[in-house]
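Residue-level structural notes
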Amino acid sequence: MTTIMPQGELTRKAVAWICEMRDNGDERPLSALIEEAGGRFNLSPKDMALVIRFFKENKG
């Protein structure tokens, strides 16, 4: 059975995943991690923009 997540939950999980990857020493560029997170978490273009903005504002 598929679980429906509240809007924004996938965006939060994507940000957490990117942070975890970087904390674990992943040296790929941030843009590559964001693109992968978009696919992994099935983010919409609007959600992708939020993730990008989060990392820009927080100097990712």
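Refer to the structure printed above.
Residues numbered from 1 in each chain as written. Predicted model: local features only at pLDDT ≥ 70, side-chain atom pairs only at ≥ 80, totals over all residues. Heavy atoms only, no water.

1. Observations concerning helix α1 (residues 9-23)
In plain terms, the rule: Secondary structure elements follow DSSP: runs of H or I no shorter than four residues count as helices, runs of E no shorter than two count as strands, and numbering proceeds from the N terminus. For a helix, the expected span equals 1.5 Å multiplied by the number of residues minus one. Each residue's exposure class comes from its accessible area (1.4 Å probe, protein chains only) as a fraction of the maximum for that residue type: buried when under 20%, exposed when over 50%, partly exposed otherwise. It is the directions from the helix axis to the C-beta atoms whose arc is reported. Every residue pair with non-hydrogen atoms within 4.5 Å of one another is taken to be in contact.
The end-to-end C-alpha distance of α1, which contains 15 residues, comes to 21 Å, matching closely the 21 Å that a straight helix rising 1.5 Å per residue would cover. For α1, the full list of buried residues reads Thr 11, Ala 14, Val 15, Trp 17 and Ile 18. Here the buried residues of α1 occupy an arc of 160 degrees about the axis, which is enough to place them on one side. Exposed side of α1, more than 90 degrees from the buried face: Arg 12 and Asp 23 are the residues found there. On its buried face, α1 is in contact with α2 (30-40) and α3 (45-57). Downstream of α1 by one or two residues, Gly 25 has phi in the positive range, about 90 degrees.

2. Some remarks on the packing of α1 against α2
So the rule is basically this: Orientation is described by axes fitted as lines to C-alpha atoms, over the contacting stretch for helices, and by angles from 0 to 180 degrees between their N-to-C directions. Orientation is classified from the angle alone, with under 35 degrees giving roughly parallel, over 145 giving roughly antiparallel, 65 to 115 giving roughly perpendicular, and any other angle giving oblique. Left-handed describes a crossing whose near helix is turned anticlockwise from the far helix by less than a right angle; the clockwise case is right-handed. Note on residue categories: nonpolar means Ala, Val, Leu, Ile, Met, Phe, Trp, Tyr, Cys or Pro, charged means Asp, Glu, Lys or Arg, and polar means any other residue, Gly included.
Across the interface, α1 lies against α2 with an axial gap of 10 Å and an inter-helix angle of 135 degrees. Comparing their axes, α2 and α1 come out oblique. Crossing of α1 over α2 shows right-handed handedness. For the pair α1 and α2, contact is made by Ala 14, Trp 17, Ile 18, Met 21 and Arg 22 and by Leu 30, Leu 33, Ile 34, Glu 36, Ala 37 and Arg 40, respectively. Considering only residue class, the contact of α1 with α2 consists of 8 nonpolar, no polar and 3 charged.

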